[in-house]
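Listed below, chain by chain, are the residues.
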Amino acid sequence: MSIPLPVRRAGRRALLGVALAAPVAAGAQARPAAQALDRTVPPPVAATPALRVPAWTTSTLSNGARLVVAPKRDLPLVNVSVTFDGGAYQFEPADRTGLASMTAQLLPEGTTTKSGEQLSEAMQLLGTSIGASIAGERGTIGFEALGDRLAPALALMADMMLHPTFPAEALERLRARTLVQLVQAKDQPTAIASNVFSRTLYGAHPYGRVTTETTVKAITRDDVVAFHRAYFQPARATITVTGDVDPAAVKAEVERALAAWPAGGTAATFDYPALPTPAARTIYLVDKPKAAQSSFAIGMPGPARDTPDYYALQVLNNILGGSFQSRLNSNIRETKGWSYGVSSNFAYGKGPGAFRTGGGIVTAKTDSALLEFMSELRGVQGGRPFTEAEITEAKEALVQRLPQSFASVGALASSLTTLYTFGLPMDYYQSYAANVNAVTLADLDRVAKRYVDLDRLAIVIVGDRALIEGPLARTGVAPIVVLDLDGRRVTPSVTP
């Protein structure tokens with residue numbers, strides 16, 4: 001059916017945003033013209049809405065594992081995670097670094113009832129993916145699926161977690177892939193800087209461990225089996241279920257799925273050895289010929305997550321390098337144009353997680369960027385006083401991002417699990433805004449001086465030594481020690 005030309009034209013004008021005047025009936029008064037919008041005046045800002053933290057229940061399974069359930073019924077989805085307190089730093093031998101991660105990666109390779117291929121097919125049929133990982137201080141296995149697939153997905157996850165077979169050929173395949181990745185990492189300045197930074201700061205401390213070709217080659221199938229048996233114990237497990245679920249029904253479902261998981265294990269301990277005595281401020285230069293950028297990692301050991309200065313440090317870091325508008329990024333990226341982005345953060349953890357700042361810098365500006373990093377670090381220690389506007393903006397940024405912690409079933413699960421793995425108060429999220437807003441200017445000055453010791457900074461720079469060593473030496477920031485790709489000193493290694 002053809003559309004009359006006037007109608008087509010009217011429709012086209014409507015699509016283009018042209019207002020079509022409605023006909024005015026005879027004798028009727030025309031409406032007064034709408035008041036012009038003054039676009040020079042910003043609209044008023046509405047009041048910040050109150051944070052609504054979802055409710056959750058906590059119970060204990062018959063085997064001793066903790067169960068946390070939080071209904072979230074806006075979508076027919078469910079997220080399940082089993083999180084283990086403690087990780088590679090607690091359960092992995094130092095000469096087998098990489099064992100924990102490899103054990104987790106081998107779980108989908110087969111169980112006593114299914115091959116790796118059958119596990120993959122079963123996950124596809126359920127529309128889910130069951131993933132596992134073990135990091136330094138905790139490990140997890142879990143999935144996200146449609147609510148009506150919860151029972152079979154739980155059963156499949158339990159089979160992978162409790163009955164893996166760790167086929168020898170799968171271990172060798174993973175070993176070969178890991179060795180290739182380690183070789184590739186030695187060609188990536190960012191990865192080199194991260195590894196050398198950890199080793200330089202922590203030495204033989206667990207936080208200084210790095211997976212190497214030697215440790216990966218030493219791992220045997222017996223090591224994997226023994227690690228799995230010792231690690232996956234319910235006494236240190238928190239099972240978090242979020243989404244379109246009923247708490248009572250979920251507990252019964254989880255009990256059924258994990259009926260073959262007997263009680264056992266003990267709580268992980270985090271009694272770390274003392275840190276090595278920090279060296280005086282030093283530039284650790286790692287040569288990467290023809291590198292287009294120099295990768296910076298500047299910092300020192302910092303506080304654990306349970307520090308009472310946590311909220312002040314969060315505000316401080318947001319101002320220094322924790323946001324796009326931070327001092328560091330505004331200076332080095334936005335004003336100078338020397339980087340795609342620089343940042344800072346406190347790693348926290350159960351032990352002395354690192355304070356670290358850095359990023360990739362164009363090679364020709366390596367020395368200049370170092371001076372700017374030092375200038376900004378001196379700035380937060382009084383050289384450039386904090387402004388009320390900066391403090392307010394940092395606090396608002398921290399508080400206003402909090403709702404995203406509950407925006408999805410996965411985010412909600414992660415947020416609730418964090419409460420238990422770090423031993424945080426149960427009203428942590430409800431009181432978060434008040435605690436952030438209670439931070440004062442005096443708090444910022446105090447924590448900046450306490451946790452950022454300019455005289456003890458380790459300054460790791462990975463770049464083309466032939467081009468950057470001389471300019472770096474002329475900055476006078478610190479003596480230069482030359483290291484190889486693994487963080488070992490190169491002789492002669494000190495540039496005055």
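Remember, predicted model here, so these are calculated numbers, not experimental data.

Looking only at helices and strands, the protein chain has 18 helices and 13 strands in total. Projecting the C-alpha coordinates of the protein chain onto the three principal axes gives extents of approximately 100 × 65 × 50 Å. Of all 496 residues assigned to the protein chain, the portion counted as buried reaches 47%. By sequence separation, contacts in the protein chain at least 24 residues apart represent 79% of the contacts at least 6 residues apart. Of the accessible surface of the protein chain, which amounts to about 24,600 Å², a share of 55% is contributed by carbon and sulfur atoms. Looking at charge distribution, the protein chain has the averaged site of its 48 positive side-chain charges lying 5 Å from that of its 43 negative ones.

Counting residues in each nonpolar core, the largest one holds 63 residues, and the members touching the most others are Leu370 and Ile459. It is helix α11 (residues 310-320) that provides the largest number of residues to this core, a total of 8 residues. Among residues more than four places away in sequence, those in contact with Ile459 are Arg281, Thr282, Ile283, Tyr284, Ala297, Ile298, Leu370, Met374 and Val477.

What follows deals with helix α10 (residues 247-257). If you check which residues of α10 are buried, you get Val250, Val254 and Ala257. Seen from one end, α10 has its buried residues packed into an arc of 60°, which puts them on one side. In α10, the exposed positions angled more than 90 degrees off the buried face are occupied by Ala248 and Arg256.

All right, on to the packing of α11 against helix α17 (residues 441-451) then. In the contact formed by α11 and α17, the axes pass within 9 Å of each other and the chain directions differ by 85°. In this view, α11 runs roughly perpendicular relative to α17, as classed from their interaxial angle. Packed against α11, whose contacting residues are Ala312, Leu313, Val315, Leu316 and Ile319, the element α17 presents Asp443, Leu444, Val447, Ala448 and Tyr451 at the interface. Here the contact of α11 with α17 is composed, by residue class, of 9 nonpolar, no polar and 1 charged.

Across a sheet, strands are paired by hydrogen bonds formed along the backbone, either parallel or antiparallel in direction. The strand order across the open sheet built from 6 strands is β1-β2-β6-β3-β5-β4, with neighbouring strands paired in mixed fashion. Whereas interior strands pair on both sides, the edge strands pair on one side only; in this sheet they are β1 (57-60) and β4 (131-134). When strand polarity is set aside, the average angle formed by the axes of neighbouring strands in this sheet is 15°. In this structure, strand β3 (residues 77-85) lies alongside strand β6 (residues 237-243), joined through 7 bridges in antiparallel fashion. Across the sheet, Phe84 pairs through a bridge with Ala237, a residue of β6. Here helix α15 (residues 409-421) sits on the sheet in contact with β1, β2 (66-71), β3, β5 (138-146) and β6, set at roughly 150° to β6.

This part takes up the pattern of salt bridges. In the structure shown here, the tally under the stated rule is 22 salt bridges. Bridged by salt links that share partners, the residues Lys186, Glu213, Asp484, Asp486 and Arg488 form one connected network.

Turning our eyes to something else, we now look at the environment of Val82. Along the chain, the position of Val82 falls in strand β3. Apart from the residues within four sequence positions on either side, Val82 is in contact with Gly139, Thr140, Ile141, Met157, Met161, Ala237, Thr238, Ile239 and Trp261.

With that out of the way, let us pick up the pairing of strand β10 (residues 354-362). The buried fraction of β10 amounts to 7 of the 9 residues, a majority that puts the element mostly inside the structure. With 9 bridges joining them, strand β8 (residues 293-301) and β10 adopt antiparallel strand pairing. Bridge assignment links Gln293 to a residue of β10, and that residue is Val362. Bridge count for strand β9 (residues 342-346) against β10 is 5 bridges, and the pairing is antiparallel. Bridge assignment links Ser343 to a residue of β10, and that residue is Gly358.

Taking 1.5 Å per residue, 13 residues should reach 18 Å; helix α5 (residues 150-162) reaches 18 Å between its end C-alpha atoms and fits that length. Across the 13 residues that make up α5, a large majority, 10, are buried. All of the buried residues in α5 are Leu150, Ala153, Leu154, Leu156, Met157, Ala158, Asp159, Met160, Met161 and Leu162. Buried residues in α5 make contact with β3, α4 (116-126), β5, α9 (221-231) and α10.

Tallied over the full model, the rule gives 19 aromatic pairs. With a centroid separation of 4.9 Å and an interplanar angle of 75°, the aromatic rings of Tyr428 and Tyr429 are classed as edge-to-face. An identical accessibility class is assigned to Tyr428 and Tyr429; each is buried. Judged by centre distance (5.8 Å) and plane angle (70°), the rings of Tyr428 and Tyr432 are edge-to-face. Of this pair, Tyr428 and Tyr432 both sit in helix α16 (residues 428-437), separated by 4 residues, roughly a single helical turn. The burial state of Tyr428 is the same as that of Tyr432; both residues are buried. Among the aromatic residues, those joined into a cluster by ring pairs are Tyr310, Tyr311, Phe346, Tyr348, Phe355, Phe406, Tyr428, Tyr429 and Tyr432. A cation sits over an aromatic face here: Lys350 above Phe270, 3.9 Å from the ring centre.

With that settled, the discussion passes to the pairing of β6. Most of β6 sits inside the fold, with 7 of its 7 residues counted as buried. Going residue by residue along β6, you find Ala237, Ile239, Val241 and Gly243 tucked away on one face and Thr238, Thr240 and Thr242 tucked away on the opposite face as well.

Overall, the predicted model of the protein chain reaches an average pLDDT of 93, with 92% of residues at or above 70. Scored below 50 in pLDDT, residues 1-22 shows 5 contacts in the model against residues more than four places distant or in partner chains.

Leave glycine aside and you will find that most residues have negative phi; peptide bonds, for their part, are mostly trans. The backbone of Phe166 sits at a positive phi, close to 50°, despite the residue not being glycine. With respect to the element layout, Phe166 can be found in the loop between α5 and α6 (168-185). The phi dihedral of Lys290 falls on the positive side, at around 65°, and the residue is not glycine. For Lys290, a relative accessible area of 79% translates into the label exposed.

About the thresholds
Residues numbered from 1 in each chain as written. Predicted model: local features only at pLDDT ≥ 70, side-chain atom pairs only at ≥ 80, totals over all residues. Heavy atoms only, no water. Helix = DSSP H or I, 4+ residues; strand = E, 2+ residues; numbered from the N terminus. Buried < 20%, exposed > 50% of the residue type's maximum accessible area, 1.4 Å probe, protein only. Contact = heavy atoms within 4.5 Å. Areas by Shrake-Rupley, 256 points an atom, 1.4 Å probe, with all protein chains shown as cover. Lys, Arg positive; Asp, Glu negative; His and termini not counted. Charge placed at Lys NZ, Arg CZ, Asp CG, Glu CD. Core = buried A, V, L, I, M, F, W, Y, C linked by side-chain atoms within 4.5 Å. Arc of directions from axis to C-beta. Axes fitted to C-alpha atoms, helices over the stretch in contact; angles between N-to-C directions. Parallel < 35°, antiparallel > 145°, perpendicular 65-115°, else oblique. Nonpolar A, V, L, I, M, F, W, Y, C, P; charged D, E, K, R; others polar. Pairing = 2+ DSSP bridges. Salt bridge = Lys/Arg side-chain N within 4 Å of Asp/Glu carboxyl O. Expected span 1.5 Å × (residues − 1). Phe/Tyr/Trp six-rings, centres within 6.5 Å; stacked < 30°, edge-to-face > 60°. Lys NZ or Arg CZ within 6 Å of the ring centre and 35° of its normal. pLDDT = per-residue confidence, 0-100.

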